[in-house]
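Each chain, written out:
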Amino acid sequence: MRFPEADSVKAVAIVGVLFAHMTFPSRFSVEAFNLVLTLNDILGWCVLAFFFASGYVSKPVADYPRLKAFITTRFQRLIIPCIVFSLTYKVAMIGLSQ
């Protein structure tokens with residue numbers, strides 16, 4: 001079952017993420033960059049909104065052994081690749097800056 005409220009929060013959060021990734025002062029005029037910064041301030045809650053929407057639409061846990069398996073699986077599938085990507089990205093950026 002879909003929740004239109006959660007979908008709406010996610011839609012606004014997507015826009016916020018787009019503006020959060022537009023902070024390149026060399027690509028915009030001063031006025032446009034100031035607008036981007038203002039919208040960043042207004043939509044700074046966008047990542048938290050994704051967590052909220054995800055938690056809002058998740059099913060309640062009835063038994064804790066399944067919860068532990070769920071957390072372990074999600075950790076392996078999401079957190080470990082995120083850590084590997086972040087470290088690889090940082091090392092590459094350090095290497096490129098030399």
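Structural data are supplied above this passage.
Let us look at the structure shown here. Just so it is clear, the structure is predicted and the values come from calculations on it, not from any experiment.

Thresholds, definitions, all that
Residues numbered from 1 in each chain as written. Predicted model: local features only at pLDDT ≥ 70, side-chain atom pairs only at ≥ 80, totals over all residues. Heavy atoms only, no water. Helix = DSSP H or I, 4+ residues; strand = E, 2+ residues; numbered from the N terminus. Rg over C-alpha atoms; globule rule 2.2 N^0.38 Å. Buried < 20%, exposed > 50% of the residue type's maximum accessible area, 1.4 Å probe, protein only. Contact = heavy atoms within 4.5 Å. Areas by Shrake-Rupley, 256 points an atom, 1.4 Å probe, with all protein chains shown as cover. Lys, Arg positive; Asp, Glu negative; His and termini not counted. Charge placed at Lys NZ, Arg CZ, Asp CG, Glu CD. Axes fitted to C-alpha atoms, helices over the stretch in contact; angles between N-to-C directions. Parallel < 35°, antiparallel > 145°, perpendicular 65-115°, else oblique. Left-handed = near helix turned anticlockwise from the far one by under 90°. Nonpolar A, V, L, I, M, F, W, Y, C, P; charged D, E, K, R; others polar. Expected span 1.5 Å × (residues − 1). Bend = angle between axes of the 7 residues up to and from the residue. Polar contact = N/O pair within 3.5 Å; in protein donor to acceptor, adjacent residues only side chain to side chain.

1. Here's the deal with the overall build of the chain
Scanning the chain for helices and strands turns up four helices and zero strands. Walking the chain from its N terminus toward its C terminus, one meets helices and strands in the order α-α-α-α. At 18 Å, the chain has a C-alpha radius of gyration far larger than the 13 Å of a compact globule built from 98 residues. Dimensions of the chain along its principal axes, counting C-alpha atoms only, are 55 × 40 × 15 Å. The burial tally for the chain puts 11% of its 98 residues in the buried class. If you take every contact in the chain between residues at least 6 apart in sequence, the share linking residues at least 24 apart comes to 62%. Here the chain displays about 8300 Å² of accessible surface, and carbon together with sulfur accounts for 71% of that area. Between the averaged position of the 9 positive side-chain charges in the chain and that of its 5 negative side-chain charges there is a distance of 15 Å.

2. Describing the packing of helix 1 (residues 4–20) against helix 2 (residues 30–42)
The N-to-C vectors of helix 1 and helix 2 enclose an angle of 135°; their axes lie 9 Å apart at closest approach. Put simply, helix 1 runs oblique to helix 2. Crossing handedness for the pair helix 1 and helix 2: left-handed. Only V36, L39 and N40 of helix 2 make contact with helix 1, whose side of the interface consists of G16, F19 and A20. When the residues that make up the contact of helix 1 with helix 2 are grouped by side-chain class, the tally is four nonpolar, two polar and no charged.

3. Some points on helix 4 (residues 64–97)
Over its 34 residues, helix 4 runs 47 Å from end to end, which matches the ideal 50 Å to within 8%, given 1.5 Å per residue. Approximately 35° is the largest bend angle found in helix 4, and it occurs at F75. Of the residues flanking the start of helix 4, the one acting as N-cap is D63, its side-chain oxygen 3.3 Å from the backbone nitrogen of R66.

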